[in-house]
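What the coordinates show
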There are 2 protein chains.
Amino acid sequence: MVTLAEVAQHAGVSASTVSYVLSGKRSISASTRERVEHSIQQLGYHPNAGARALASSRSNIIALMVPLRTDMYVPVMMEIAIAVATSARTHGYDVLLLTGEEGPAAVRRIAGSSLADAMILMDVELHDERLPLLRDSGRTAVLIGLPSDTSGLTCVDLDFEATGALCVDHLAGLGHREVAVIGEAAAVYERHTGFAERTVDGIRAKAQETGVRILHRPCEGGYAAMAGTLGRIFDERPGTTGFIVQNEAAVEPLLNLLQQQGRAVPEDVSVVAICPEQVATQASVRLTSVAIPAQEMGRRSVEQVVAKLTGRGTDEVELLEPVLTVRASSGPAPV
Amino acid sequence: MVTLAEVAQHAGVSASTVSYVLSGKRSISASTRERVEHSIQQLGYHPNAGARALASSRSNIIALMVPLRTDMYVPVMMEIAIAVATSARTHGYDVLLLTGEEGPAAVRRIAGSSLADAMILMDVELHDERLPLLRDSGRTAVLIGLPSDTSGLTCVDLDFEATGALCVDHLAGLGHREVAVIGEAAAVYERHTGFAERTVDGIRAKAQETGVRILHRPCEGGYAAMAGTLGRIFDERPGTTGFIVQNEAAVEPLLNLLQQQGRAVPEDVSVVAICPEQVATQASVRLTSVAIPAQEMGRRSVEQVVAKLTGRGTDEVELLEPVLTVRASSGPAPV
DNA sequence: GGCCTCGGTCGAAGCGCTTCGACTCCACTC
DNA sequence: GAGTGGAGTCGAAGCGCTTCGACCGAGGCC
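From a predicted model like this one, the values you see are computed outputs, not experimental measurements.

**Comments concerning the overall build of chain A**
Summing up its helical and strand segments, chain A has 14 helices and twelve strands in all. For chain A, the C-alpha radius of gyration of 25 Å lies well beyond 20 Å, the compact-globule estimate for 335 residues. Along the first, second and third principal axes, the C-alpha set of chain A runs to 85 × 35 × 35 Å. Buried residues in chain A amount to 54% of all 335 residues. Of the contacts made within chain A by residues no fewer than 6 positions apart, 72% connect residues no fewer than 24 positions apart. In the structure as shown, chain A presents an accessible area of about 13800 Å², 50% of it carried by carbon and sulfur atoms.

Here it is in structure tokens:
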């Protein structure tokens with residue numbers, strides 16, 4: 001491995017000069033800079049990450065904690081993770097992948113070892129056990145998701161209350177009066193995952209305002225579960241004409257079952273989904289939906305981290321505004 | 001941050017003794033060990049990762065390159081990535097997440113900076129441009145996937161040729177004589193992704209052996225693409241009674257379209273999928289399938305890395321044996 | 001013309017850890 | 001009773017980098 005010292009010798013300057021060429025923290029004459037850069041090229045020099053971290057006490061690594069569970073829709077997680085990794089690189093950072101398995105201990109380990117300059121936590125619960133540790137580790141952190149107490153924390157998330165409201169508004173505007181909400185798996189609510197509860201809150205509030213009746217049912221993915229849930233919904237509320245679905249794995253089963261039951265979409269029932277664009281456009285009926293901006297969330301969280309790391313950031317909650325796109329699955333309520 | 005020296009002072013020993021307690025590389029008396037461990041606990045000491053990497057020239061980090069593209073089935077990627085991260089931890093390693101975006105340059109950067117002790121590459125193409133760089137970086141590496149030239153490389157993958165053969169064998173055994181293969185998106189073949197081509201090779205070889213006629217068609221995911229592909233298949237081979245599907249995003253559309261066309265599964269046509277268990281069991285018809293052992297692949301690749309890093313490994317290609325599980329989507333060919 | 005300023009460069013002191021050789025006991029052996 | 005060997009500990013020398021203060025000319029100023 002080529003070292004700084006070798007580059008310095010090759011270029012006929014001191015080691016510190018090479019370091020300053022690399023970091024740009026002091027001005028360097030054009031001729032020296034060129035000479036040094038040429039030597040770097042020629043020798044194929046790469047700074048040693050460990051030495052750099054030790055000397056500067058900054059590792060240029062951001063730790064990303066992804067949930068281990070797979071009851072969430074995986075592609076969204078992946079899209080966020082990839083967006084985080086990609087935009088981290090554009091800011092000169094690498095990303096360390098931590099799974100939830102290690103649990104809160106991971107926070108302590110990473111903070112203690114100075115392995116990462118900052119952490120991004122995904123899948124934050126309302127009362128997340130990692131948060132106290134995080135707060136008194138003093139490390140820079142950004143959450144994707146919204147805990148109940150956000151004091152001293154920076155959070156990025158889709159505004160799920162507004163999302164829920166938007167869905168109801170759309171259906172109410174079309175004249176629907178009885179709306180069923182097909183939610184995430186029951187376990188998601190039991191964990192008190194913020195986004196799921198907040199969506200329902202938003203839905204209820206707007207429903208009250210617009211005079212829509214709401215029936216909310218958690219639902220596992222897959223056909224069997226959906227069949228059961230759907231049956232019970234129509235038993236309880238035969239007049240249901242609108243569906244709001246917040247569970248990607250339930251979308252296709254729902255459309256299928258409705259079709260099998262002879263209920264046409266959107267003539268007899270309207271469906272609005274909260275899901276990634278890809279799911280909405282590739283479904284058997286092109287879905288009216290509110291998109292989950294996974295990329296944007298990943299990107300923004302990195303930008304927040306970088307801002308805080310460079311002293312510019314403030315603790316704040318950034319809620320991304322939901323956008324509803326009308327497609328083929330929603331229409332006027334039948335008379 | 002607490003340092004080794006502070007722990008040493010607190011325990012009344014020298015710094016090197018603390019280091020040896022931590023690493024176990026020299027014998028330490030029980031009483032000293034206890035005293036040191038107690039001090040570590042009490043002070044909340046965590047070794048500094050950078051210093052450790054610098055002094056020992058090992059970072060205890062494994063870099064994982066995941067593909068950026070999303071034309072592959074994302075959950076499988078994610079499952080592998082998570083399995084890698086999880087099993088890496090059980091061996092004392094952390095995982096650095098690299099996206100394909102940076103391309104081959106990432107290999108150079110990581111190897112040059114000694115940021116990672118080893119690399120795991122996913123989504124390897126037959127003639128992958130990262131491989132030459134990898135070879136002469138001299139770094140430890142394991143590929144998930146199989147390039148055309150494996151010399152000097154360790155690879156882990158499902159045995160896709162055997163997988164293809166297994167599917168044909170199953171259908172042939174049930175009496176099917178005309179089988180259509182619904183493949184990955186055309187782009188996947190154009191990239192010469194090993195697994196896709198190898199599957200088809202395995203299918204063709206076994207088809208020849210068993211006297212089955214094969215029609216192979218790449219297919220994008222989604223309903224529209226599947227409808228077109230399916231139409232063309234039955235135009236060309238009206239006698240088709242068996243399907244092998246290697247494209248998760250095509251599974252559900254295929255089942256649906258068959259149903260709509262009045263072709264019953266498995267009475268009129270049989271379907272065998274190559275997909276994760278979850279897809280197979282959650283589909284509208286429980287699918288006879290060969291599972292993609294994502295977890296196993298992730299785990300094995302880490303084990304190979306650790307073996308090589310501790311001097312035990314040998315360069316070798318490890319192909320996991322495919323397992324076909326019969327479920328409700330395949331049956332005897334109609335007479 | 002002396003003085004100050006400032007751009008450009010260097011030397012040296014660490015950053016916190018690992019590891020090698022050396023040293024000290026102490027229990028044996030012959 | 002000197003010699004041997006192993007267990008247990010220490011000191012010191014780095015690992016490769018960043019960064020601080022110092023130094024040295026070259027202008028600009030009065």
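Additional details are given in the paragraphs that follow.
**Describing the protein's contact with DNA strand D**
Inspection of the region around DNA strand D gives 26 residues, with Leu 4, Arg 26 and Tyr 45 of chain A together with Thr 17 and Thr 32 of chain B positioned closest. Expressed as a percentage, the sugar and phosphate content of the atoms of DNA strand D within 4 Å of the protein is 55%. Thr 17 of chain B is positioned such that a nitrogen or oxygen atom in its side chain is 2.4 Å from a phosphate oxygen of DNA strand D. Every element with two or more residues in the surface near DNA strand D is listed here: α2 (15–23) and α4 (49–56) of chain A together with α2 (15–23) and α4 (49–56) of chain B. It is α4 of chain A that contributes the most residues to the surface near DNA strand D, four residues altogether. When the residues that make up the surface near DNA strand D are grouped by side-chain class, the tally is eleven nonpolar, eleven polar and four charged.

**Side note on unusual backbone geometry**
Glycine aside, residues mostly have negative phi angles, and peptide bonds mostly take the trans form. Here the amide bond leading from Val 265 of chain A into Pro 266 of chain A is cis, since omega sits at 10°, within 30 degrees of zero. Note that Pro 266 of chain A resides in the loop between α12 (248–260) and β9 (270–275). Phi is positive for His 192 of chain A, which is not a glycine, with a value near 60°. As for its placement among the helices and strands, His 192 of chain A is situated in the loop between α9 (186–190) and α10 (194–210). Even without glycine at this site, Ser 114 of chain B takes up a positive phi of about 55°.

**Description of the packing of helix α1 (residues 4–11) of chain A against helix α3 (residues 30–43) of chain A**
Residue and element names in this part refer to chain A. The geometry of α1 relative to α3 is characterised by a closest axis approach of 9 Å and an angle of 120° between their N-to-C directions. The orientation of α1 relative to α3 falls into the category oblique. In terms of crossing hand, the pair formed by α1 and α3 is right-handed. Where α1 approaches α3, its residues Glu 6, Val 7, His 10 and Ala 11 are matched on the opposing element by Arg 35, Val 36, Ser 39, Ile 40, Gln 42 and Leu 43. For the contact of α1 with α3, the residue count by class is five nonpolar, three polar and two charged.

**Details of the nonpolar core**
Generally speaking, a soluble globular protein has its nonpolar side chains buried in company with each other. Ranked by size, the top nonpolar core spans 102 residues in total, and within it Ile 244 of chain A together with Ile 244 of chain B carry the most contacts. Residue contacts for Ile 244 of chain A: discarding those within four places in its chain leaves Cys 167, Val 168, Leu 171, Val 179, Ala 180, Val 181, Ile 182, Ile 203, Val 272 and Ile 274 of chain A.

**Examining the environment of Asn 247 of chain A**
Residues and elements named next belong to chain A. Along the chain, Asn 247 turns up in the loop between β8 (242–245) and α12. The exposure class of Asn 247 is buried, given its relative accessible area of 7%. The sequence separation of Asn 247 and Ala 273 amounts to 26 residues, and the corresponding C-alpha distance is 8.1 Å. Beyond its immediate chain neighbours, meaning those up to four positions away, Asn 247 contacts Ile 182, Gly 183, Glu 184, Ala 185, Cys 219, Glu 220 and Gly 221. At 2.6 Å, the side chain of Asn 247 and the backbone oxygen of Cys 219 are in polar contact.

**Examining the interface of chain A and chain B**
Listed as interface residues are 48 residues of chain A and, on the opposing side, 48 residues of chain B. Around 3900 Å² of area is buried between chain A and chain B when both sides are counted, 64% of it from carbon and sulfur atoms. Sorting the residues of chain A by area buried against chain B places His 46, Met 78 and Leu 97 of chain A first, and these three jointly supply 15% of that buried surface. Where chain A meets chain B, there are four salt bridges. Note that Glu 102 of chain A and Arg 89 of chain B form a salt bridge whose closest N and O atoms lie 3.3 Å from each other. One can count eleven residue pairs in polar contact (both at pLDDT 80 or more) joining chain A with chain B. Counting residues per element, the ones that place at least two in the side of chain A that touches chain B are α4, β1 (61–66), α5 (74–90), β2 (94–99), α6 (104–113) and α12 of chain A. For the side of chain A that touches chain B, the element with the highest residue contribution is α5 of chain A, accounting for nine residues.

Cut-offs applied
- Residues numbered from 1 in each chain as written.
- Chains lettered and ligands numbered in written order.
- Predicted model: local features only at pLDDT ≥ 70, side-chain atom pairs only at ≥ 80, totals over all residues.
- Heavy atoms only, no water.
- Helix = DSSP H or I, 4+ residues; strand = E, 2+ residues; numbered from the N terminus.
- Rg over C-alpha atoms; globule rule 2.2 N^0.38 Å.
- Buried < 20%, exposed > 50% of the residue type's maximum accessible area, 1.4 Å probe, protein only.
- Contact = heavy atoms within 4.5 Å.
- Areas by Shrake-Rupley, 256 points an atom, 1.4 Å probe, with all protein chains shown as cover.
- Near = heavy atom within 4 Å.
- Polar contact = N/O pair within 3.5 Å; in protein donor to acceptor, adjacent residues only side chain to side chain.
- Nonpolar A, V, L, I, M, F, W, Y, C, P; charged D, E, K, R; others polar.
- Axes fitted to C-alpha atoms, helices over the stretch in contact; angles between N-to-C directions.
- Parallel < 35°, antiparallel > 145°, perpendicular 65-115°, else oblique.
- Left-handed = near helix turned anticlockwise from the far one by under 90°.
- Core = buried A, V, L, I, M, F, W, Y, C linked by side-chain atoms within 4.5 Å.
- Buried area = accessible area lost by both parts, 1.4 Å probe.
- Salt bridge = Lys/Arg side-chain N within 4 Å of Asp/Glu carboxyl O.

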